[in-house]
Amino acid sequence: MNEFKIIAKTFQGLEEVLAKELTELGANNIEIGRRMVSFTGDKEMLYKANFCLRTAVKILKPIKEFKANDADEVYEVVKNMDWSEYMDCSNTFLIDSVVFSEKFRHSKFVAYRVKDAIADYWREKTGDRPNVAITNPDIRINVHISENDVTISLDSSGESLHIRGYKTNTVAAPINEVLAAGIIMLTGWHGECDLIDPFCGSGTILIEAALIAMNIYPGVFRKEYAFEKWRDFDEDMFDAIYNDDSNECEFNHKIYGYDINRQAVGIAIENARNAGVNKVVDIEQRDFYEFEAPLDKAIMITNPPYGDRITTDDLYGLYETIGQRLKQNFVGNDAWIITHRQECFDKIGFRPSTRYALFNGALECEFRKYQIFDGKLKDRREEGLDIKTEEERKHNLKFKPHKKHDDDSDEDERKERDSHYFKSKPYKDERRRKEEERDSKRRSKNDTKESRFEMRRRMFEAADEEEEEIISRHLGKWSDRGYNREDKKKERDNKERKSFNPNFQKRDGKRFGRKPE
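A brief report on the enclosed structure follows. Only a predicted model underlies this, so the values are computations on that prediction, with no experimental measurement involved.

Calculation rules
- Residues numbered from 1 in each chain as written.
- Predicted model: local features only at pLDDT ≥ 70, side-chain atom pairs only at ≥ 80, totals over all residues.
- Heavy atoms only, no water.
- Helix = DSSP H or I, 4+ residues; strand = E, 2+ residues; numbered from the N terminus.
- Buried < 20%, exposed > 50% of the residue type's maximum accessible area, 1.4 Å probe, protein only.
- Contact = heavy atoms within 4.5 Å.
- Areas by Shrake-Rupley, 256 points an atom, 1.4 Å probe, with all protein chains shown as cover.
- Pairing = 2+ DSSP bridges.
- Axes fitted to C-alpha atoms, helices over the stretch in contact; angles between N-to-C directions.
- Core = buried A, V, L, I, M, F, W, Y, C linked by side-chain atoms within 4.5 Å.
- Salt bridge = Lys/Arg side-chain N within 4 Å of Asp/Glu carboxyl O.
- 1 Å grid on protein atoms, 1.4 Å probe; cavity = no way out; pocket = protein on both sides within 12 Å on 5 of 7 lines; lining within 4 Å.
- Points joined across faces, edges and corners; volume = space filled by probe spheres on them.
- Nonpolar A, V, L, I, M, F, W, Y, C, P; charged D, E, K, R; others polar.
- Phe/Tyr/Trp six-rings, centres within 6.5 Å; stacked < 30°, edge-to-face > 60°.
- Lys NZ or Arg CZ within 6 Å of the ring centre and 35° of its normal.
- Polar contact = N/O pair within 3.5 Å; in protein donor to acceptor, adjacent residues only side chain to side chain.

**A closer look at the overall build of the protein**
Thinking step 1. The secondary structure content of the protein amounts to 15 helices and 16 strands.
Thinking step 2. Buried positions account for 51% of the 517 residues belonging to the protein.
Thinking step 3. In the protein, the share of contacts with a sequence separation of at least 24, taken over all contacts with a separation of at least 6, comes to 77%.
Thinking step 4. Here the protein displays about 26200 Å² of accessible surface, and carbon together with sulfur accounts for 45% of that area.

In structure tokens:
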């Protein structure tokens, strides 16, 4: 089967973890970029990437790459593509656009022009045009523009891959499932000892850890992927991937979760039961002030309150307590902590042996490893005891903390900094490369000359209301089509998969979901 280029999007700081996952999965030509990893593979690899990867948020299949200087050039190229290869006129579609360019500053306008190009292609070919669907489209199309480099891709995932399917409830400020899996994999833990999360919230770190320890792929809980609606979808191939549990393994240790919030504990227990990992995950209500020494060797991975959306009466006092309890009751073990305030890390009182710069949502965080031992670090070094591994030393040499930003940075700079998409093209033949310095300068406030783009942007905004009216007028038509598709899907589901339920179900006589113990 022919190989093609595939792009896996992830969060900043998890690119190398994702690249390692792809290597183990058997992908070829892996190249690391910013917030993404590109690779090559066939249709089976595309399915596996969606089903198996823990640190990917989207899997895209590029179908056209070109250069353009304005939205009209994008329109012409897209209109001349052979869209009959990917869809029919009866299919609904949705455009998602991501733009990092001085020439293309309005992502919605780009999406509008791409939509027009596809509609005009079918109008000239058949006299009819496909409809846009805001929810549950047949085809999802991603447009990515970096300066004047344009990539048109098919979105094979649909909903973000962090939506695993095992959560029925959550708490305020939950950690993203992809980030949770990523930080666990950064520690190198694969189930060799017990794991503890004393601020477990809705149980995300606990559940992701259990799935990693037992090598259960995250896709087993998911209801559907966008590629299942593609014209070339191979259902037998995907069923074989879906039902293959040959790599799953036993986990002979325990995972412990604690939280002071009774409601959070109840939610975490329910989510663990839905994921079918409640047999290896113990969760109970407990204040961290009551933290006791574990009976066996253990690792701590936790996401304490930051003082933003979740806080305490004495935030710094909490982090001081973390340091004290670790020193008293966690000697001989490693603790990994993620937070976004340097002052909180300072209150812990330990020097980290290694650290990673990550994002939790829009918050610039660090993920730090603390090795808890008796006595002083100086004394251990004099005794010739080395607490850092060679891998940690190499990582520390190239570690780059988050850049500090001045308060007077302009609005465009802040928006780009806070955005959570990859910004640079993948680079080849090296694991790490310095991020290219942005060569765009601040636009002159005194420049009042209108560009062609600005005029077209205003035309788009003027036409926006008319477009919304068209959408509203056709909602009934889309709803009817959606209903027919759902009827067809339900008919197939009744035979093969049935509706999703967190309890154990069958797909072609085999598993679907996990059975609670």
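**What about the environment of Phe-199?**
Thinking step 1. For Phe-199, the position within the fold is in the loop between strand E8 (194-197) and helix H6 (204-213).
Thinking step 2. Separated by 89 residues in sequence, Phe-199 and Phe-288 place their C-alpha atoms 7.9 Å apart.
Thinking step 3. Not counting the four nearest positions on each side in its chain, Phe-199 is found in contact with Tyr-258, Asp-259, Phe-288, Thr-302, Asn-303, Pro-304, Pro-305, Leu-318 and Ile-322.

**Focus: the sheet that holds strand E12 (residues 334-339)**
Thinking step 1. The strand order across the open sheet formed by 7 strands is E10-E9-E8-E11-E12-E14-E13, and the pairing between neighbours is mixed. The open sheet terminates on both sides in strands that have one partner only, identified here as strand E10 (281-285) and strand E13 (354-360). Between one strand axis and the next, the sheet turns by 15 degrees as a mean value, whatever way the strands run.
Thinking step 2. Two elements, E8 and strand E11 (residues 298-302), share 3 bridges in a ladder whose sense is parallel. Directly across from Asp-194, in E11, lies its bridge partner Ala-298.

**Let's talk about the nonpolar core**
Thinking step 1. With 127 residues, the main nonpolar core has Trp-83, Ile-118, Trp-189 and Val-277 as its most contacted residues.
Thinking step 2. With 8 residues, the top contributor of residues to this core is H6.
Thinking step 3. Setting aside anything within four residues of it in sequence, one finds Val-277 in contact with Ile-207, Ala-210, Leu-211, Met-214 and Ala-272.

**Examining the pattern of salt bridges**
Thinking step 1. The tally for this structure, following the rule as stated, stands at 19 salt bridges.
Thinking step 2. The partner of Lys-254 in a salt bridge is Asp-282, with the nearest N and O atoms 3.4 Å apart. Here Lys-254 is found in the loop between helix H7 (235-242) and strand E9 (255-259), whereas its partner Asp-282 is found in strand E10, with 28 residues between them in sequence.
Thinking step 3. One salt-bridge network, held together by shared partners, links Asp-72, Arg-113, Lys-115 and Asp-116.

**Examining empty space enclosed by the protein**
Thinking step 1. Counting across every chain of the model gives 1 cavity of 30 Å³ or more.
Thinking step 2. For the largest cavity, the calculated volume is near 50 Å³.
Thinking step 3. Residue lining of the largest cavity: Asn-50, Phe-51, Leu-53, Leu-161, Ile-163, Arg-164, Pro-218, Gly-219, Arg-222 and Tyr-225, and that is the complete set.
Thinking step 4. Classifying every residue of the lining of the largest cavity gives 6 nonpolar, 2 polar and 2 charged.

**Concerning the packing of aromatic side chains**
Thinking step 1. Going through the model one piece at a time under the given rule, you end up with 23 aromatic pairs.
Thinking step 2. Consider the rings of Trp-83 and Tyr-86, whose centres lie 5.9 Å apart with planes at 65 degrees: the pair is edge-to-face.
Thinking step 3. Measuring from ring centre to ring centre gives 6.4 Å for Phe-109 and Tyr-112, while their planes differ by 20 degrees; the resulting arrangement is stacked. Of the two residues, Phe-109 and Tyr-112 both sit in helix H4 (residues 107-126), 3 residues apart, roughly one turn of that helix.
Thinking step 4. The exposure class assigned to Phe-109 is buried, which follows from its relative accessible area of 4%.
Thinking step 5. Grouping aromatic residues by their ring pairs yields a cluster made of Tyr-47, Phe-51, Tyr-217, Tyr-225, Phe-227, Phe-233, Phe-238 and Tyr-242.
Thinking step 6. Just above the ring of Tyr-258 sits the side chain of Arg-286; from NZ or CZ to the centre is 4.4 Å.
Thinking step 7. Its guanidinium or amino end placed over the ring of Phe-345, Arg-368 lies 4.1 Å from that ring's centre, counting from NZ or CZ.

**Some thoughts on the environment of Glu-65**
Thinking step 1. One can find Glu-65 in strand E4 (residues 58-67).
Thinking step 2. Between the alpha carbons of Glu-65 and Val-150 there is a distance of 5.7 Å; along the sequence they are 85 residues apart.
Thinking step 3. Leave out the neighbours within four places in its chain, and Glu-65 touches Lys-5, Val-150 and Thr-151.

**Considering the pairing of E4**
Thinking step 1. Of all 10 residues that make up E4, 7 are buried, and the element is covered over most of its length.
Thinking step 2. Pairing of strand E1 (residues 4-9) with E4 involves 3 bridges; the strand directions are antiparallel. Across the sheet, the residue bridging to Lys-9 is Lys-58, located in E4.
Thinking step 3. Of the pairings in the sheet, the one linking E4 to strand E7 (residues 149-155) comprises 7 bridges and is antiparallel in character. Bridge pairing links Lys-67 to Asp-149 in E7.

**As for the side chain of Ser-153**
Thinking step 1. Tracing the sequence through the fold places Ser-153 in strand E7.
Thinking step 2. In contact with Ser-153, not counting residues within four places along its chain, are Leu-60, Lys-61, Pro-62, Ile-63, Arg-140, Ile-141 and Asn-142.

**Digging into unusual backbone geometry**
Thinking step 1. You will see that Asn-29, though not glycine, has its phi angle at about 50 degrees, which is positive.
Thinking step 2. With respect to the secondary-structure elements, Asn-29 resides in strand E2 (residues 28-32).
Thinking step 3. Non-glycine residue Asn-136 carries a positive phi angle of around 55 degrees.
Thinking step 4. Along the chain, the position of Asn-136 falls in the loop between H4 and strand E6 (139-146).
Thinking step 5. Residue class for Asn-136 comes out partly exposed when judged on its relative accessible area of 24%.

**Concerning the side chain of Asn-176**
Thinking step 1. The topology assignment puts Asn-176 in the loop between E7 and helix H5 (177-187).
Thinking step 2. At 2.7 Å, the side chain of Asn-176 and the backbone nitrogen of Val-178 are in polar contact.
Thinking step 3. If we ignore the near neighbours within four places in the chain, the residues touching Asn-176 are Phe-11, His-162 and Thr-204.

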